[in-house]
Amino acid sequence: VQLQAFGGGLVQAGGFLRLSCAASGRTFSVYAMGWFRQAPGKEREFVAAISWSGGSTYYVDSVKGRFTISRDNAKNTVYLQMNSLKPEDTAVYYCAATTPYYDSSSLVYEYEYDYWGQGTQVTVSS
């Protein structure tokens, strides 16, 4: 499956952005999807994930209550709605997909994902 992330940009603190990740090549609905981010000088970290069934979502503590992950299988797209953005949210955001029908209790580890999209830059100014 090929993934393409877009929707990043420059926003002021307190603002919002919606990232999209479009998938092509295979049946999208069978893949669990995740968002990761990498800030300058830091390791890539987990942000949010959604199970292939869409029934479970997972978030890193720092974004809980501010970010929402969702999927639209008809559009082969996963979204990350980011509200109340903070300067510390500044990073390159990557979307990723697992193998088909992958089940996990967390989906937070990079090794759980087999497919990665290119990143999209999110910059939050103070």
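Structure report, in brief. All values reported here derive from a predicted model rather than from experimental measurement.

1. Observations regarding the state of the cysteines
Applying the stated criterion to the full structure yields one disulfide. With a sulfur-sulfur separation of 2.1 Å, C21 is cross-linked through a disulfide to C95. Taking the torsion about the sulfur-sulfur bond, which here is approximately 60 degrees, the covalent link between C21 and C95 counts as right-handed. With C21 in strand β3 (residues 17–24) and C95 in strand β9 (residues 91–100), the pair connects residues that are 74 residues apart, well separated along the chain. As far as the burial class goes, C21 and C95 line up, both buried.

2. Topic: the nonpolar core
Ranked by size, the top nonpolar core spans 30 residues in total, and within it M33, W35, L80, M82 and Y93 carry the most contacts. At the level of elements, β1 (2–6), β3, β4 (31–38), β5 (45–50), β7 (67–72), β8 (77–82), β9 and β11 (120–125) are the ones that each hand at least two residues to this core. Ranked by size, the runner-up nonpolar core spans eight residues in total, among them A32, F36, Y58 and L107.

3. Remarks on the sheet that holds β8
Strand order in the open sheet formed by four strands is β1-β3-β8-β7, and the pairing between neighbours is antiparallel. Across the chains shown, the open sheet's two edge strands, defined by having one partner strand only, are β1 and β7. When the angles between neighbouring strand axes are averaged without regard to direction, this sheet yields 15 degrees. For β7 and β8, the ladder comprises six bridges, and the chain directions are antiparallel. Its bridge partner lying in β8, R71 is registered against V78.

4. Regarding the pattern of salt bridges
Across all of its chains, the model carries five salt bridges by this definition. The salt bridge partner of D89 is R37, with a shortest N-O separation of 2.9 Å. Highlighted residues: D89 in the loop between β8 and β9 and R37 in strand β4, separated in sequence by 52 residues. Note on R37: relative accessible area 5%, which makes it buried. Salt-bridge contacts for R66 lead to D89; the nearest nitrogen and oxygen are separated by 2.7 Å. Placement of R66 in the loop between β6 (57–59) and β7 and of D89 in the loop between β8 and β9 is noted, with a sequence separation of 23 residues between them.

Calculation rules
- Residues numbered from 1 in each chain as written.
- Predicted model: local features only at pLDDT ≥ 70, side-chain atom pairs only at ≥ 80, totals over all residues.
- Heavy atoms only, no water.
- Disulfide = S-S within 2.5 Å.
- Helix = DSSP H or I, 4+ residues; strand = E, 2+ residues; numbered from the N terminus.
- Buried < 20%, exposed > 50% of the residue type's maximum accessible area, 1.4 Å probe, protein only.
- Core = buried A, V, L, I, M, F, W, Y, C linked by side-chain atoms within 4.5 Å.
- Pairing = 2+ DSSP bridges.
- Axes fitted to C-alpha atoms, helices over the stretch in contact; angles between N-to-C directions.
- Salt bridge = Lys/Arg side-chain N within 4 Å of Asp/Glu carboxyl O.

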